[in-house]
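For reference, the chains in residue letters:
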Amino acid sequence: MDSIAQTIDAVLYWLAQPNILNILVLSVAKGGLVLNIILVIAAFLVWLERKVSAWMQYRDGPNRVGPFGLLQPLADVLKLYTKEDISPKNADKFFHRLAPVISIAIAISILCVVIPATYIYVGPEKLKFYFSVAPNVNVGMLVILALTSIGVFGVTLAGWSSNNKYSLMGGLRSSAQMISYELSMGLALIGVLMIAGSLDMNNIITSQANGKWNIFFQPLGFIIFLVASFAETNRAPFDLPEAEPELVGGYHTEYSGMKFGLFYLAEYANMATSSAVLTTLFLGGYDAPFAKELLGLQDGTLLMVLVQFGTFFAKVFALLFFFIWVRWTLPRFRYDQLMNLGWKVMLPLSLANILVTGGVMLLLKQFGIL
Amino acid sequence: MNVTTNTAAQRLTFWEKLYLPEIVKGLVSTLKTMAKPSMTRRYPEERWEPLGSYRGRPVLVQEESGERCVACGLCSRVCPALAIEVRAAETMERDKERYPDLFEINMLRCIYCGFCEEVCPEEAIVMSKDYDIVFHSQEAAIFGKDQLLTPVARLQERLEFLRQYK
């Protein structure tokens, strides 16, 4: 056991060296790991979605493939791979192919600035080994906002390149929806950034340390951000881009085989990333209030990191369950209702939230509390 | 004329306009449903037993002495889907002189209307309780006498139903 631990320590120590080669190898390794984790989580989510929806409708859900139907996603992927890959005659072939790739790539690449756990000390010099792909980006939050905006391209291009009016409608709806909700999403965020005083994900998390989570100080901001991320991920009740009773399948009407599979996967990957971002911003990230005081764990130890991973994933999965739960409870919004909510309710509320947060912070500073 | 009524009772209250409390109510309702047992019947393991009134696959009644059918061909004549084919033959061995030497029902054509059963003077063809009828080819869908003949003991419930309501 000791020799294994020593080898792992030596490998991590080598990887943590600040050389170009080591950083390159480490980033590729972490990237591959993140990719695999998100794909497994997405597959699990597909299973969870079907199970939860079944339970909410007095059904059983998938229960034939593997124990509790757990291998169902695997069977689904096999099916998608063996299906014929059709692209319409009049489609723009290049963009038709590119759109699902953009969707899934954006959904996954957001995760590189998300921090599931801090670091452990490795080697004799106590070098810090970080667990996120890009651990110390000082504009982390901006990267996330920028990448989510690019995510619209995948859906819009898919709708446009299919050369089908239903697809185009879906694509246009989605771009309109995502742009109008991005606004209130960004504004709802500002309250959090004011409290943290930084765009760095590390600072945002440490500002919430020991149970001082932003959800308690920014409940309105949390609700607005939550609703906006439902709209951003095109999930019910905001799934107008793919509204099947009106638009057949929206932007992915003309997709089949694994290209459709990528869109399907991107939806769940997007859910996972939104949950991770929500956790970081409002639920204190990896912060477990009891870890330091009750268990006496120190920063940089392996046990601490494991506790952090556990808390982070527990929070993320609670949010993911909430995403699924809401989908099977609420009916879809009408298009004008969606725009009304976005522009007439959420936008003024998020502006008011900034004003109130600023005012309260100013008052607290005046009395010397903050 | 476009008449719209908007009485105080129809107007939403403040809390209803706020959406959020109503959403929470809905969420609680679905969460409660999650804890309740499912209504799914796990089909191949757990089968549904139909009542006597159920119109499943039509079968020929077989008694100890032999089949009841006298090959009159009425069922074949009445069948709206032209699914039944009967070829009569004669015999001296039994009290009934006619019997079907070929009796075929094409199960791809059968619409389970039950006219054959209604028209049969001998109560020789009745609807059974079989509802999972599967085959791999069109040829296999044509059921011959070997598949149609069913002992009378297994059809008691249907025969009693017919005596009561037909």
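Residues numbered from 1 in each chain as written. Chains lettered and ligands numbered in written order. Predicted model: local features only at pLDDT ≥ 70, side-chain atom pairs only at ≥ 80, totals over all residues. Heavy atoms only, no water.

### A short note on the overall build of chain B
Here's step 1: Helix and strand content of chain B: six helices and seven strands.
Here's step 2: Listed N to C, the secondary structure of chain B is α-α-β-β-α-β-β-α-β-β-α-β-α in terms of helices and strands.
Here's step 3: Expected size for 166 residues packed as a compact globule is a radius of gyration near 15 Å; at 27 Å, chain B overshoots this value by more than 25%.
Here's step 4: Taken along the three principal axes of its C-alpha coordinates, chain B extends 90 × 50 × 35 Å.
Here's step 5: Relative to its full complement of 166 residues, chain B shows a buried share of 33%.
Here's step 6: Here the analysis covers contacts within chain B between residues at least 6 apart in sequence; of these, 74% occur between residues at least 24 apart. (Helix = DSSP H or I, 4+ residues; strand = E, 2+ residues; numbered from the N terminus. Rg over C-alpha atoms; globule rule 2.2 N^0.38 Å. Buried < 20%, exposed > 50% of the residue type's maximum accessible area, 1.4 Å probe, protein only. Contact = heavy atoms within 4.5 Å.)

### Quick word on the overall build of chain A
Here's step 1: For chain A, the count of helices and strands is 13 helices and two strands.
Here's step 2: A compact globule built from 370 residues should have a C-alpha radius of gyration of about 21 Å, and chain A, at 22 Å, falls within 12% of that.
Here's step 3: By its C-alpha atoms, chain A is 60 × 55 × 45 Å across when sized along the principal axes.
Here's step 4: Going through the 370 residues of chain A one by one, you find that 51% of them count as buried.
Here's step 5: Across chain A, contacts joining residues at least 24 apart in sequence account for 77% of those joining residues at least 6 apart.

### A look at the state of the cysteines
Residue and element names in this part refer to chain B.
Here's step 1: According to the stated counting rule, one finds zero disulfides over all chains in the structure shown.
Here's step 2: With no disulfide of its own, C110 has C116 as its nearest cysteine by sulfur position, at a separation of 6.7 Å.
Here's step 3: Summary of cysteine pairing: C116 is not part of a disulfide, and the nearest cysteine sulfur, belonging to C113, is at 6.1 Å.
Here's step 4: On the basis of relative accessible area, C116 is assigned to the buried category, the value being 8%. (Disulfide = S-S within 2.5 Å.)

### Thoughts on the sheet that holds strand 3 (residues 84-90) of chain B
All names here are of chain B.
Here's step 1: Strand order in the open sheet formed by three strands is 3-4-6, and the pairing between neighbours is antiparallel. Unpaired on one side and paired on the other, strand 3 and strand 6 (142-143) mark the two borders of the sheet.
Here's step 2: In this structure, strand 3 lies alongside strand 4 (residues 98-106), joined through seven bridges in antiparallel fashion. Note on strand 4: the bridge partner recorded for E90 is R98. (Pairing = 2+ DSSP bridges.)

### A short note on the packing of helix 2 (residues 20-56) of chain A against helix 11 (residues 257-282) of chain A
Residue and element names in this part refer to chain A.
Here's step 1: Close contact between helix 2 and helix 11 brings their axes to 9 Å; oriented N to C, the two are set at 100 degrees. Relative to helix 11, helix 2 is oriented roughly perpendicular. When helix 2 is examined against helix 11, the residues I38, L39, I41, A42, L45, V46 and E49 are found in contact with a partner set consisting of Y264, L265, Y268, A269, M271 and A272. (Axes fitted to C-alpha atoms, helices over the stretch in contact; angles between N-to-C directions. Parallel < 35°, antiparallel > 145°, perpendicular 65-115°, else oblique.)

### Side note on the environment of T30 of chain B
Here's step 1: Within the secondary structure, T30 of chain B is located in helix 2 (residues 20-35).
Here's step 2: In this view, T30 of chain B contacts M56, W325, W328 and T329 of chain A; residues no more than four positions away in its chain are not counted.
Here's step 3: At 2.9 Å, the side chain of T30 of chain B and the side chain of T329 of chain A are in polar contact.
Here's step 4: From its side chain, T30 of chain B meets the backbone oxygen of L27 of chain B in a polar contact 2.9 Å long. (Polar contact = N/O pair within 3.5 Å; in protein donor to acceptor, adjacent residues only side chain to side chain.)

### Here's the deal with the interface of chain B and chain A
Here's step 1: The partner chain A presents 15 residues to the 16 residues of chain B that form the contact.
Here's step 2: A per-residue breakdown of the area chain B buries against chain A is headed by L27, T30 and M34 of chain B, which together make up 37% of the total.
Here's step 3: Across the contact surface, chain B and chain A share two salt bridges.
Here's step 4: Residues D60 of chain A and R42 of chain B are paired through a salt bridge, measuring 3.0 Å at the closest nitrogen-oxygen approach.
Here's step 5: Partitioned by chemical class, the residues of the side of chain B that touches chain A number eight nonpolar, five polar and three charged. (Buried area = accessible area lost by both parts, 1.4 Å probe. Salt bridge = Lys/Arg side-chain N within 4 Å of Asp/Glu carboxyl O. Nonpolar A, V, L, I, M, F, W, Y, C, P; charged D, E, K, R; others polar.)

### Thoughts on the side chain of R158 of chain B
Here's step 1: Here R158 of chain B is to be found in helix 6 (residues 156-165).
Here's step 2: In this structure the side chain of R158 of chain B is engaged in a polar contact, spanning 2.7 Å, whose partner is the side chain of E117 of chain B.

### Focus: the nonpolar core
Here's step 1: Among the nonpolar cores identified, the biggest contains 80 residues, and M141, Y181, F225, F238 and L281 of chain A are the most heavily contacted of them.
Here's step 2: Leave out the neighbours within four places in its chain, and F225 of chain A touches M185, A188, L189, V277, L278, L281 and F282 of chain A.
Here's step 3: Residues I105, C116, I133 and L148 of chain B belong to the second largest nonpolar core, which totals 18 residues. (Core = buried A, V, L, I, M, F, W, Y, C linked by side-chain atoms within 4.5 Å.)

### A closer look at the domain arrangement of chain B
Here's step 1: Segmenting chain B into domains produces domain 1 (2-35) and domain 2 (58-165).
Here's step 2: Measuring from the centre of the C-alpha atoms in domain 1 of chain B to the corresponding centre in domain 2 of chain B gives 58 Å. (Domains from an automatic or database assignment.)

### Some words on the environment of S38 of chain B
Here's step 1: Here S38 of chain B shows up in the loop between helix 2 and strand 1 (58-63).
Here's step 2: The sequence separation of S38 of chain B and E122 of chain B amounts to 84 residues, and the corresponding C-alpha distance is 45 Å.
Here's step 3: Apart from the residues lying within four places of it in its own chain, the contact partners of S38 of chain B are Y58, R59 and D60 of chain A.
Here's step 4: Engagement of the side chain of S38 of chain B in a polar contact is seen with the side chain of D60 of chain A, the distance being 2.7 Å.

### Here's the deal with the pattern of salt bridges
Here's step 1: This structure, assessed with the given rule, holds 19 salt bridges over all chains.
Here's step 2: Taking the shortest distance from any N to any O, the salt bridge between E45 of chain B and R64 of chain A comes out at 3.1 Å. One end of the pair, E45 of chain B, is in the loop between helix 2 and strand 1; the other, R64 of chain A, is in the loop between helix 2 and helix 3 (72-82), on a second chain. Judged on exposure class, the residue E45 of chain B and its partner R64 of chain A are both exposed.
Here's step 3: Residues D132 of chain B and R47 of chain B are paired through a salt bridge, measuring 2.9 Å at the closest nitrogen-oxygen approach. On the criterion of sequence distance, the pair formed by D132 of chain B in the loop between strand 5 (125-127) and strand 6 and R47 of chain B in the loop between helix 2 and strand 1 is long-range, its members being 85 residues apart.
Here's step 4: Classification of D132 of chain B as partly exposed rests on a relative accessible area of 33%.
Here's step 5: The structure contains a network of salt bridges with shared partners spanning E49, R235, E267 and R327 of chain A.

### Considerations on the pairing of strand 1 of chain B
All names here are of chain B.
Here's step 1: Where strand 1 meets strand 5, three bridges bridge the pair, whose relative direction is antiparallel. Its bridge partner lying in strand 5, L60 is registered against I125.
Here's step 2: In this structure, strand 1 lies alongside strand 7 (residues 149-151), joined through three bridges in parallel fashion. In the strand pairing of strand 7, V61 is matched with T150.
Here's step 3: Bridging between strand 1 and strand 2 (residues 66-67) involves two bridges; their strand directions are antiparallel. Bridging across to strand 2, Q62 finds its partner in E67.
Here's step 4: Between strand 1 and strand 2, which follow one another and run antiparallel, lie two residues.

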